[in-house]
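Below are the chains, spelled out letter by letter.
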Amino acid sequence: MEKKNIDWGNLGFGYVQTDYRYVSDFKNGSWDEGKLTEDANVVINECAGVLQYAQTVFEGMKAYTTEDGRIVTFRPDLNAERMENSAKRLEMPVFPKDRFIQAVVDTVKANAAYVPPFGSGATLYIRPFEFGTNPVIGVKPADEYQFRVFTTPVGPYFKGGVKPLTIRVTDFDRAAPNGTGHIKAGLNYAMSMHAIVDAHNQGYDENMYLDAATRTKVEETGGANFLFVTKDGKVVTPKSDSILPSITRRSLIYVAQHYLGLEAEEREIPFEEVKDFAECGLCGTAAVISPVGKIVDHGKEICFPTGMTEMGPVTKKLYETLTGIQMGRIEAPEGWLQVIE
Ligand SMILES: *Cc1c(COP(=O)(O)O)cnc(C)c1O
């Protein structure tokens, strides 16, 4: 199969339309058989549930070419399960897990010409999502929904080298206790836009959100989970019901314990403790881990000993091991790689 003529190494993180996407509609209580289409546009009524009351959930994952030339995705079963939880919380019908995985496989296969070659650092980003399509004006869940999967090639995350991030502790809240912080819903992002634009205007890369109830514990950023390394080499990550359960973070904890022989735990992390950590990183599908060099809390700086030019040693080992597993250089745990072709 001939690849598209794309300058893979210079792609950014933007939408590039690919040839095919998967669409299935939910009507009269059931999903139709679904199909691939070349039509990238969605035509819905002006009063559609998604437009009025933000009934939409999504997932983010990647397909890439391994060292031995296979096209794979990483743990799509977990994306399917998370989307199931997201849909249920917003009273949306669940797109079945086996069909979710098949839809992802079919969409990537149809767009194989857009899967970047091994070594380019680029990947094919996959965006499954579901939204309410029929007119809803009284506040209630929609009756009709669409599930779609589209793909878009994205460039290497650390283009021009690793640059540790500077993060501020924000006064905005991301997620309420018993709210929707643990699901991947567009609504969580809508309300984070102001906080991130404001952070960027002030010269920060990201916001660190604290728990909304007590503002004493670390939660996450707008789109990535935190991972810290203690001075004695233990990997710790915040535990909270209002954090989005990152698949990357869960995989890194497993890698720390089972590949690197490190102690790793998920527990509440008081913000007070952050100044004592040796390393800090953000984890998510986009970058796997981006190192954090500095956290600024209302003018008070916490500078990690790893500095502003490099990944910390443990962060780096975690990064290299997980990306090695993803790229097929290191043997993956059973079921982590879904081979597409
Ligand atoms: C998607 C997302 C993450 C990262 O999850 P991954 O499964 O690792 O990509 C973290 N936080 C939020 C708020 C997210 O939406």
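Keep in mind that what you see is a predicted model, and the values were worked out from it rather than measured.

**Notes on the state of the cysteines**
And then number 1: This model, assessed by the stated rule, comprises zero disulfides.
And then number 2: With no disulfide of its own, Cys-283 lies closest to Cys-280 among cysteine sulfurs, the gap being 9.4 Å.
And then number 3: Here Cys-303 is not disulfide-linked; the sulfur of Cys-280 is the nearest cysteine sulfur, at 12 Å.
And then number 4: Taking the relative accessible area as the measure of exposure, Cys-303 reaches 48% and is therefore partly exposed.

**Observations regarding the site of the ligand**
And then number 1: Around the ligand, the structure places 15 residues, and the nearest of them are Lys-184, Tyr-189, Ser-246, Thr-248 and Thr-285.
And then number 2: Within the side chain of Arg-82, an N or O atom sits 2.8 Å from an oxygen atom of the ligand.
And then number 3: Here an oxygen atom of the ligand and a side-chain polar atom of Ser-246 are 2.5 Å apart.
And then number 4: Taking 380 Å² as the accessible area of the ligand by itself, protein coverage stands at 96%.
And then number 5: Grouping the amino acids of the shell around the ligand by side-chain chemistry returns four nonpolar, seven polar and four charged.

**Topic: the domain arrangement of the protein chain**
And then number 1: When its domains are assigned, the protein chain resolves into domain 1 (8-154) and domain 2 (165-325).
And then number 2: Computed over C-alpha atoms, the centres of domain 1 and domain 2 are 26 Å apart.
And then number 3: Together, the buried faces of domain 1 and domain 2 total about 1500 Å²; carbon and sulfur atoms form 66% of this surface.
And then number 4: When the buried surface of domain 1 facing domain 2 is broken down by residue, Phe-58, Arg-82 and Arg-89 rank first, second and third, together holding 40% of it.
And then number 5: For the interface between domain 1 and domain 2, the tally reads zero salt bridges.
And then number 6: Taken together, domain 1 and domain 2 are joined by eight residue pairs in polar contact (both at pLDDT 80 or more).
And then number 7: In the side of domain 1 that touches domain 2, the residues fall into seven nonpolar, five polar and five charged.

**Details of the environment of Glu-320**
And then number 1: One can find Glu-320 in helix 7 (residues 313-326).
And then number 2: Linking Glu-320 and Val-288, residues 32 residues apart in sequence, is a C-alpha distance of 9.7 Å.
And then number 3: Residue contacts for Glu-320: discarding those within four places in its chain leaves Arg-329 and Ile-330.

Cut-offs and rules
- Residues numbered from 1 in each chain as written.
- Predicted model: local features only at pLDDT ≥ 70, side-chain atom pairs only at ≥ 80, totals over all residues.
- Heavy atoms only, no water.
- Disulfide = S-S within 2.5 Å.
- Buried < 20%, exposed > 50% of the residue type's maximum accessible area, 1.4 Å probe, protein only.
- Near = heavy atom within 4 Å.
- Polar contact = N/O pair within 3.5 Å; in protein donor to acceptor, adjacent residues only side chain to side chain.
- Areas by Shrake-Rupley, 256 points an atom, 1.4 Å probe, with all protein chains shown as cover.
- Nonpolar A, V, L, I, M, F, W, Y, C, P; charged D, E, K, R; others polar.
- Domains from an automatic or database assignment.
- Buried area = accessible area lost by both parts, 1.4 Å probe.
- Salt bridge = Lys/Arg side-chain N within 4 Å of Asp/Glu carboxyl O.
- Helix = DSSP H or I, 4+ residues; strand = E, 2+ residues; numbered from the N terminus.
- Contact = heavy atoms within 4.5 Å.

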